[in-house]
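Residue strings, one per chain:
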Amino acid sequence: AVVSNAEYGASVRATHPIPAACGIYYFEVKIISKGRDGYMGIGLADGNVNMNRLPGWEKDSYGYHGDDGNSFCSSGNGKKYGPQFTTGDVIGCCVNMINMSVFYTKNGVNLGIAFENVPLNLYPTVGLQSPGEIADANFGDRPFVFDIEGYMLEWKTKLQRQIETHPSRSNDMDSVLKKIVFGYMVHHGYCGAAENFAKATNLYFFEDIPSIQNRQKVQKLVMSGEIGLAISVTRDLYPSLLGNKPELLFKLQIRHFIEMINKLSEGSGPHPYSIARLMNGDDMDVDQKPVAISAEEKEEQQQQPSRQALEQLLLFGRELASQNTHDETLKKQLQEAFSLLAYRDPKQSPIGYLLNSNQREQLCADLNSAILESHGLPRQPPPYIAVRIAGVMCHVQNKLMVCIAA
């Protein structure tokens, strides 16, 4: 592909999506020439993605770019990922559909996971933007630079070990169902129920009880809206976790900001001394002479948000705003949280749902999954994994039926 204007790019994708049944898919791209600027992107894209831009910039596309080494996921704002690449380099892209992740290689070296929770039916995609760029793709017709066979053998061994220890070998469905239920209890931190269930079914714990209790403690704090305390306890119990998961920490901080607004607006409907008016300094003249007020007005004033709490809220909001994040989803969440301050009664505003306690559930699940992952345990409970596997199997079966019908 030759591009005459650097403001535009051109991408080309494979003629068929990655087969869902292949498990692990890998391809490599050799940079024959970086051209004028080296604005090249290698990655994946959905079948409906616009091909006039580099992969990763458009929605439902993923890319690793050579000019800055950043990874891009459905956004023009990238994240620091790996080294830059240029003429002579060989960049590989591996899609692991077992754990739904993507990693890249450079000259045979694994650069680590770039994307997680990627969907199925993505197409291998290469994009060029500046004149003179040339790339050559290898889908296995030549030997790969990266030892993909070794990587696949590693996963094959891991899966074989799981199969050998899987309860289904006994063909005892009752035992399988019991382990699924037990795994669900342990995953969500229902320690007491899990202990009783284990005793009744002679099952063993795959996670020690103090660890489960610690996760349960953190989850209870999140679900009760004590996000600031949950962050503090998480840092004490798992010192490196939030440092390794900056996006998760930012989500927690946004929720902490929302919970601060929640506490300020608790028990207060629309009234002239709303958070928005306090922010503007309305009706806050300290030199104003006292006037007689009715019992109703006095009660209303007692329900007003405190100036000190409001100052703490605004100070924390400024700290959040000063943090640089390239994640468009997180930016939108932060903007919505800030928008709550504009309403006299945030709970009755169009975005009042953010203050609902059910908004804590997904964040609680994300934090719990991150803790489990840091201990080498599955991120998702057994029922979720079983449903996802069943979904993939149904998808593959439907594909096969279409092929047979054709």
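Structural data are supplied above this passage.
Residues numbered from 1 in each chain as written. Predicted model: local features only at pLDDT ≥ 70, side-chain atom pairs only at ≥ 80, totals over all residues. Heavy atoms only, no water.

**Quick notes on the overall build of the protein**
So, point 1. Scanning the protein for helices and strands turns up 13 helices and eleven strands.
So, point 2. Counting only residues that meet the buried cut, the protein has 39% of its 406 residues in that class.
So, point 3. Taking the intrachain contacts of the protein between residues at least 6 apart in sequence as the baseline, contacts between residues at least 24 apart amount to 63%.
So, point 4. Just so you have it, the protein exposes about 22400 Å², and 53% of that area is on carbon and sulfur atoms. (Helix = DSSP H or I, 4+ residues; strand = E, 2+ residues; numbered from the N terminus. Buried < 20%, exposed > 50% of the residue type's maximum accessible area, 1.4 Å probe, protein only. Contact = heavy atoms within 4.5 Å. Areas by Shrake-Rupley, 256 points an atom, 1.4 Å probe, with all protein chains shown as cover.)

**Description of the pattern of salt bridges**
So, point 1. Tallied over the full model, the rule gives 13 salt bridges.
So, point 2. Between Glu-226 and Lys-263 there is a salt bridge, with its nearest N and O atoms 3.5 Å apart. Residue Glu-226 is found in the loop between α4 (209-223) and α5 (227-237), and its partner Lys-263 is found in helix α7 (residues 246-265); the two are separated by 37 residues along the sequence.
So, point 3. Between Glu-259 and Arg-255 there is a salt bridge whose closest N-O contact spans 2.9 Å. Note that Glu-259 and Arg-255 are positioned in helix α7 at a spacing of four residues, about one turn of the helix. One exposure class covers both Glu-259 and Arg-255, and it is buried.
So, point 4. The structure contains a network of salt bridges with shared partners spanning Asp-136, Asp-141 and Arg-142. (Salt bridge = Lys/Arg side-chain N within 4 Å of Asp/Glu carboxyl O.)

**What to know about the packing of aromatic side chains**
So, point 1. Summed over the entire model, instances satisfying the criterion amount to 15 aromatic pairs.
So, point 2. Pairing Phe-103 with Tyr-151 gives two aromatic rings, centres 5.0 Å apart and planes at 65°, and the pair type is edge-to-face. Of this pair, Phe-103 sits in strand β8 (residues 101-106) while Tyr-151 sits in helix α1 (residues 148-165), placing them 48 residues apart in sequence.
So, point 3. Take Phe-103: its relative accessible area is 3%, and that puts it in the buried class.
So, point 4. Across from the ring centre of Tyr-123, 5.6 Å away, lies the NZ or CZ of Arg-13, which sits over that ring. (Phe/Tyr/Trp six-rings, centres within 6.5 Å; stacked < 30°, edge-to-face > 60°. Lys NZ or Arg CZ within 6 Å of the ring centre and 35° of its normal.)

**Focus on the sheet that holds strand β4 (residues 61-65)**
So, point 1. The strand order β1-β10-β3-β4-β5-β6 describes an open sheet built from six strands, whose pairing is antiparallel. What marks the edges here is a single partner per strand, and that holds for β1 (10-13) and β6 (79-80).
So, point 2. As paired elements, β1 and strand β10 (residues 123-128) share four bridges and run antiparallel to each other. Its bridge partner being in β10, Ser-11 is matched across the sheet by Gly-127. (Pairing = 2+ DSSP bridges.)

**Overview of the sheet that holds β8**
So, point 1. Read from one edge to the other, the open sheet built from five strands follows the order β9-β8-β7-β2-β11, with strand pairing classed as antiparallel. Of all strands in the sheet, those with a lone pairing partner are β9 (109-116) and β11 (133-138), marking the two edges. Sheet twist, expressed as the average angle between the axes of neighbouring strands with direction ignored, equals 25°.
So, point 2. Note: strand β7 (residues 90-96) against β8, six bridges, orientation antiparallel. The residue of β8 that forms the bridge with Gly-92 is Thr-105. (Axes fitted to C-alpha atoms, helices over the stretch in contact; angles between N-to-C directions.)

**Considering the nonpolar core**
So, point 1. The biggest cluster of nonpolar side chains holds 32 residues, and the ones touching the most others in it are Ile-42, Leu-44, Val-102, Tyr-104 and Tyr-151.
So, point 2. Those elements that place two or more of their residues in this core are β2 (24-34), β3 (40-45), β4, β7, β8, β9, β10 and α1.
So, point 3. Per-element tally for this core: the top contributor is β2, with five residues.
So, point 4. Those residues within four positions of Leu-44 in sequence are excluded, and the remaining contacts are Ile-18, Phe-27, Pro-55, Ser-61, Tyr-62, Cys-93, Val-95, Val-102, Leu-122, Tyr-123, Pro-124 and Thr-125.
So, point 5. One finds Met-260, Phe-316, Leu-320 and Leu-330 within the second-largest nonpolar core, a separate group that totals 19 residues. (Core = buried A, V, L, I, M, F, W, Y, C linked by side-chain atoms within 4.5 Å.)

**Let's talk about the environment of Arg-142**
So, point 1. Assignment of secondary structure puts Arg-142 in the loop between β11 and α1.
So, point 2. Looking at Arg-142, the relative accessible area reads 36%, which means it is partly exposed.
So, point 3. Taking the C-alpha atoms as reference points, Arg-142 and Glu-28, separated by 114 residues in sequence, lie 9.9 Å from one another.
So, point 4. Not counting residues within four places of it along the chain, the set of residues in contact with Arg-142 comprises Asp-136 and Ala-137.
So, point 5. At 3.2 Å, the side chain of Arg-142 forms a polar contact with the side chain of Asp-136. (Polar contact = N/O pair within 3.5 Å; in protein donor to acceptor, adjacent residues only side chain to side chain.)

**Here we look at unusual backbone geometry**
So, point 1. A positive phi angle is found at Asn-117, which is not glycine, with a value near 55°.
So, point 2. Here Asn-117 lies in the loop between β9 and β10.
So, point 3. In this structure Asn-117 comes out as exposed when scored by relative accessible area, which is 53%.
So, point 4. Residues other than glycine seldom take positive phi values, yet Asn-121 does so here, at roughly 65°.
So, point 5. In this structure, Asn-121 sits in the loop between β9 and β10.
So, point 6. Judged by relative accessible area, Asn-121 falls into the partly exposed class, the value being 28%.

**Quick notes on the side chain of Ser-130**
So, point 1. The residue Ser-130 is located in the loop between β10 and β11 in this model.
So, point 2. Judged by its relative accessible area of 1%, Ser-130 falls in the buried class.
So, point 3. A distance of 3.0 Å separates a polar atom in the side chain of Ser-130 from the backbone nitrogen of Asp-37.
So, point 4. Within the structure, the side chain of Ser-130 is placed 2.5 Å from the side chain of Glu-133, a separation counted as a polar contact.

**A word on α5**
So, point 1. For α5, the set of buried residues is Ile-227, Ala-230, Ile-231, Val-233 and Thr-234.
So, point 2. Contact partners of the buried residues in α5: α4, α6 (241-244), α7 and α12 (360-374).

Such coordinate-based values are descriptive only and should not be taken to indicate function.
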